[in-house]
Amino acid sequence: MKQPMIFAHRGASGQFPENTLPAFEEARKVGAAGIELDVQLTKDGQVVIIHDETLQRTTDGTGYVQDLTLQQIKKLDAGSWFSPSFQHESIPTLEEVFQWMKKDGNSLQVNIELKNNVIHYKGLEEKVLALIEAYHLEERIILSSFNALSLQRVRMLHPTIETGYLIAGKPDNAVWIANEIGANAIHCQPVYALSSYADEAKKAGFPLRVYTVNRMEELEGLMEVGIDTVMTDEPGSFSYSYNTGARSLIR
Ligand code: G3P
Ligand code: MG
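Criteria and thresholds
Residues numbered from 1 in each chain as written. Chains lettered and ligands numbered in written order. Predicted model: local features only at pLDDT ≥ 70, side-chain atom pairs only at ≥ 80, totals over all residues. Heavy atoms only, no water. Helix = DSSP H or I, 4+ residues; strand = E, 2+ residues; numbered from the N terminus. Rg over C-alpha atoms; globule rule 2.2 N^0.38 Å. Buried < 20%, exposed > 50% of the residue type's maximum accessible area, 1.4 Å probe, protein only. Contact = heavy atoms within 4.5 Å. Areas by Shrake-Rupley, 256 points an atom, 1.4 Å probe, with all protein chains shown as cover. Lys, Arg positive; Asp, Glu negative; His and termini not counted. Charge placed at Lys NZ, Arg CZ, Asp CG, Glu CD. 1 Å grid on protein atoms, 1.4 Å probe; cavity = no way out; pocket = protein on both sides within 12 Å on 5 of 7 lines; lining within 4 Å. Points joined across faces, edges and corners; volume = space filled by probe spheres on them. Nonpolar A, V, L, I, M, F, W, Y, C, P; charged D, E, K, R; others polar. Near = heavy atom within 4 Å. Polar contact = N/O pair within 3.5 Å; in protein donor to acceptor, adjacent residues only side chain to side chain.

Student: Before we move on, could you go through the overall build of the protein and cite the residues and values that matter?
Tutor: Broken down by element type, the protein carries ten helices and nine strands. The C-alpha atoms of the protein give 17 Å as radius of gyration, which agrees with the globular expectation for 251 residues (18 Å, within 12%). When the backbone C-alpha atoms are referred to their principal axes, the protein occupies close to 45 × 40 × 35 Å. Within the span of the protein, comprising 251 residues, buried residues form 55% of the whole. A sequence separation of at least 24 residues applies to 54% of the contacts in the protein between residues at least 6 apart. Counting only carbon and sulfur atoms, one obtains 49% of the accessible surface of the protein, whose full area is about 11,000 Å². The centroid of the 23 positive side-chain charges in the protein is displaced by 1 Å from the centroid of its 33 negative side-chain charges.

The structure is reproduced here in structure tokens:
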């Protein structure tokens, strides 16, 4: 049975505040092959790493990311909501993540999820691609989005950068759309990967990256059907299981 690659979902977000540099560094330390993170745009057009369009769940701020400048965003505490020991963490910029990727000993892949299915951030695709090119990270990045038109735009702007069409549930037209927009993979939930649609996707040449799987039993079921990558909040536990053959370590 092929072991899927482990990507840390929002970093090692089970143990660290999601989408922060310590969460990403922990994923590297425990041996994940990659991380997944979410990007939004600030008022002054800077690409920042945060899952929600709004600030209240994961910072001490309120309102929308798009209504604050980067300088204002950087003052927010993005760690205390998770634990007081992370009170000095700030929302990272995509550029800070790229600097981290360039450090010695870091060869991780990074799946950047363009969070533009709720707010259609103008120019997000161009800004992200420009940064990828500036840091020469084309071979280590996968761009994904629930917004098919955005991924189509990415493909128009860049002929080869890897893209993953992100779906929830079991839409019957995912393979058709992925083909139409020139995507390279489908990012889906277990319910899709375990359905007959998954055979169709694999036959059409789309590897499956599956989110979000935190229990070993669930991962084992997915290994049987054959998936490329698993996205988990618990990369340490999954890596440990891989290395030792241990089972059922996951909460
Ligand atoms: O990219 C996979 C997964 O992150 C999509 O859902 O809400 O966790 O960003 P969400
Ligand atoms: Mg995401």
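Now that the structure is up, let's keep going.
Student: An account of empty space enclosed by the protein is requested, with residue identities and associated values reported.
Tutor: A water-sized probe rolled over the atoms picks out the places where empty space is left. Enumeration according to the criterion identifies one cavity of 30 Å³ or more in this entry. Here the largest cavity defines a volume of roughly 70 Å³. Lining the largest cavity are 13 residues, and of these Glu18, Asn19, Ile49, Thr58 and Ala78 lie nearest its centre. Taken together, the residues of the lining of the largest cavity sort by class into six nonpolar, six polar and one charged.

Student: Tell me about the site of ligand 1, and please be specific about residues and values.
Tutor: The local shell around ligand 1 consists of His9, Arg10, Glu36, Asp38, His51, Glu113, Lys115, Leu166, Tyr211 and Met231. The separation between an oxygen atom of ligand 1 and a polar side-chain atom of glutamate 36 is 2.6 Å. Interatomic distance of 2.7 Å between a side-chain N/O atom of histidine 51 and an oxygen atom of ligand 1. In isolation ligand 1 offers 290 Å² of accessible surface; the protein chains occlude 90% of this area. Considering only residue class, the shell around ligand 1 consists of three nonpolar, two polar and five charged.

Shape descriptors only; they carry no functional weight alone.
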